[in-house]
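Listed below, chain by chain, are the residues.
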2 protein chains.
Amino acid sequence: MGRAKLKIKRIESIVDRQVTFSKRRNGLLKKVYELSILCDTDIALIMFSPAGRLTMFSGKNSVEDILTRFLSLPQHQRGIMCNQEFLQTTLQKLNYESSLASQCSSSSSRSSISKNIEDLCNEIKKCKIQLEETKKRLRVFEGDVSEITSMNEVEDHEVRLNEALNQVIQKKKTLEGKCRISEVPSNDQIVRLIQQENFCRD
Amino acid sequence: MGRAKLKIKRIESIVDRQVTFSKRRNGLLKKVYELSILCDTDIALIMFSPAGRLTMFSGKNSVEDILTRFLSLPQHQRGIMCNQEFLQTTLQKLNYESSLASQCSSSSSRSSISKNIEDLCNEIKKCKIQLEETKKRLRVFEGDVSEITSMNEVEDHEVRLNEALNQVIQKKKTLEGKCRISEVPSNDQIVRLIQQENFCRD
DNA sequence: GATGCTATTTATAATGT
DNA sequence: TACATTATAAATAGCAT
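Summarised in this report is the structure supplied together with it. (Residues numbered from 1 in each chain as written. Chains lettered and ligands numbered in written order. Predicted model: local features only at pLDDT ≥ 70, side-chain atom pairs only at ≥ 80, totals over all residues. Heavy atoms only, no water.)

**What to know about the protein's contact with DNA strand C**
- Close to DNA strand C lie 17 residues, the nearest being M1 and R3 of chain A together with K23, R24 and K30 of chain B.
- Near the protein, within 4 Å, the atoms of DNA strand C are sugar or phosphate in 77% of cases.
- Contacts to DNA strand C include R3 of chain B, whose backbone N or O atom sits 3.3 Å from a base nitrogen.
- R24 of chain B has a polar side-chain atom sitting 2.7 Å from a phosphate oxygen of DNA strand C.
- Among the elements of the structure, α1 (14-38) of chain A together with α1 (14-38) of chain B are those that each provide at least two residues to the surface near DNA strand C.
- Considering each element in turn, the surface near DNA strand C owes the most residues, six residues, to α1 of chain B.
- Of the residues assigned to the surface near DNA strand C, the class counts are three nonpolar, five polar and nine charged. (Near = heavy atom within 4 Å. Polar contact = N/O pair within 3.5 Å; in protein donor to acceptor, adjacent residues only side chain to side chain. Helix = DSSP H or I, 4+ residues; strand = E, 2+ residues; numbered from the N terminus. Nonpolar A, V, L, I, M, F, W, Y, C, P; charged D, E, K, R; others polar.)

Right, here's the structure in full:
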């Protein structure tokens, strides 16, 4: 892409590297965003610029939420994590700190306390709205039909339920047949596939 | 990109969604890989497919190293750097205009403030736990079957989905009666019935 | 360093097999 | 059903500000 084809190897010039990083980072963020919306998927992206600056992205769920989901997977699905316990502890601590500890002990001025409280209240509000939306969506799947009023809605729900049911039936068949565990492709595999320009398929 | 311009919104068809996910995931992995080489940077990407399958990628350092680096940053840095300029949703706006905020700024003594903060934090924690549980239940209904591991669970979900589907179909009939539209069984329904019959014969 | 501008390369939506 | 092809949209390398 661009005036000339670029070899994929470390860019030696610091300036060029920084420029390329800045441009490609934006492109990458856009693509991650698009994928998360198009496919309604949990994606988390964490990157450090050559200068060590952090950029992170996640879709509708927070990076912490996705990391939590990631870390709570059975180990064989996630691959080998050497310092899993450290991460899990840290993440728990983080979730706790982000709400309780740091807020309570480090504030020194009235305004920063107010600001903290405001942040917390916003977080609660956000959480509750999210919870209510999630519950509402769940209700339909659990047979509560009272909030449906139009033909479009019923049909939409019918389609979704059928899709979900098909998935579950597929899963049942899988479980009944051989109990094969889906392998998670490793980094090395991914890199190899990318270099071969023959990528893995889902 | 492609024959036609695509609107960035959730793809409703489960098949199309899966296909798009698969293609775009490969594109994304390639771009992440290239950026990590070109700019010699730490990048971690974690994503869950619509079916709940995990894909993760990182450059020269492992995902857990990058997560460790990420989690060991001071919280304010993580917060400030958060790059979600693509996600200016109405929900976030709602949160900002939240009326709760005003309720939060009236305490006067230090200890009562601390108490309030603690309460708020506990509420957030409770909310988040509840939210995570609800999301988990919802995931199954939305076709992510990855967290089901036992036969009992699949069968339980199958029963629940069938019940919900019957409710929805009943509701549809009611609405159809009101609208005087004659009923035609959907393709999905027919497919499902066939699959169930085949299934029962075993 | 960031931004804007093309000429090109690259990614991919729709289609074909 | 899944994989290959193609026409088109999108990203971006090299330059110029």
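Read on for the rest.
**Topic: the protein's contact with DNA strand D**
- Around DNA strand D sit 16 residues in total, of which G2, K23 and R24 of chain A together with M1 and R3 of chain B are the nearest.
- The share of sugar and phosphate among atoms of DNA strand D within 4 Å of the protein is 70%.
- At 2.7 Å from a base oxygen of DNA strand D is found a side-chain nitrogen or oxygen belonging to K23 of chain A.
- Between DNA strand D and R3 of chain B there is a distance of 2.8 Å, counted from a sugar or linking oxygen to a side-chain nitrogen or oxygen.
- Broken down by class, the residue content of the surface near DNA strand D amounts to three nonpolar, four polar and nine charged.

**Regarding α1 of chain A**
- Compared with the 36 Å implied by 1.5 Å per residue over 25 residues, the 35 Å span of α1 of chain A between its first and last C-alpha is a close match.
- The complete set of buried residues in α1 of chain A reads R17, T20, F21, R25, L28, L29, V32, Y33, E34, L35, S36 and L38 of chain A.
- Where α1 of chain A is buried, its residues meet β1 (43-48) and β2 (54-58) of chain A together with α1 and β1 (43-48) of chain B.
- A positive backbone phi angle near 50 degrees is found at D40 of chain A, which sits one or two residues after α1 of chain A. (Expected span 1.5 Å × (residues − 1). Buried < 20%, exposed > 50% of the residue type's maximum accessible area, 1.4 Å probe, protein only. Contact = heavy atoms within 4.5 Å.)

**Describing the nonpolar core**
- Among the nonpolar cores identified, the biggest contains 28 residues, and L45 and M47 of chain A together with L45, M47 and F57 of chain B are the most heavily contacted of them.
- Elements supplying a minimum of two residues to this core: α1, β1 and α8 (187-196) of chain A together with α1 and β1 of chain B.
- When sequence neighbours within four positions are dropped, the list of residues in contact with M47 of chain B reads L35, D42 and I43 of chain A together with F21, R25, L28, L29, R53, L54 and T55 of chain B. (Core = buried A, V, L, I, M, F, W, Y, C linked by side-chain atoms within 4.5 Å.)

**Focus: the state of the cysteines**
- By the definition in use, this model includes zero disulfides over all chains.
- We note that C127 of chain A lacks a disulfide partner, and the nearest cysteine sulfur, in C127 of chain B, lies 4.3 Å from it. (Disulfide = S-S within 2.5 Å.)

**As for the sheet that holds β1 of chain B**
- On the basis of which strands lie adjacent, the open sheet formed by four strands has the order β2(A)-β1(A)-β1(B)-β2(B) and antiparallel pairing. Strands at the two margins of the open sheet, each flanked by one partner only, are β2 of chain A together with β2 (54-58) of chain B. For this sheet, the mean inter-axis angle between neighbouring strands, taken without regard to orientation, is 5 degrees.
- On the sheet, α1 of chain A packs against β1 and β2 of chain A together with β1 of chain B and is oriented at approximately 170 degrees with respect to β1 of chain A.
- Each of β1 and β2 of chain A together with β1 and β2 of chain B is contacted by helix α2 (residues 63-71) of chain A, which is oriented at about 70 degrees to β1 of chain B, the strand it contacts most. (Pairing = 2+ DSSP bridges. Axes fitted to C-alpha atoms, helices over the stretch in contact; angles between N-to-C directions.)

**Here's the deal with the pairing of β2 of chain B**
All names here are of chain B.
- For β2, the buried fraction is high: five of the five residues fall into the buried class.
- The two faces of β2 match: L54, M56 and S58 on one face and T55 and F57 on the other face are all buried.
- Two strands pair when backbone bridges link them, and β1 and β2 are joined in this way by five bridges, in the antiparallel orientation. Bridging across to β2, A44 finds its partner in S58.
- Remark: five residues form the turn of the hairpin made by β1 and β2, two consecutive strands paired antiparallel; G52 in that turn has positive phi of roughly 90 degrees.

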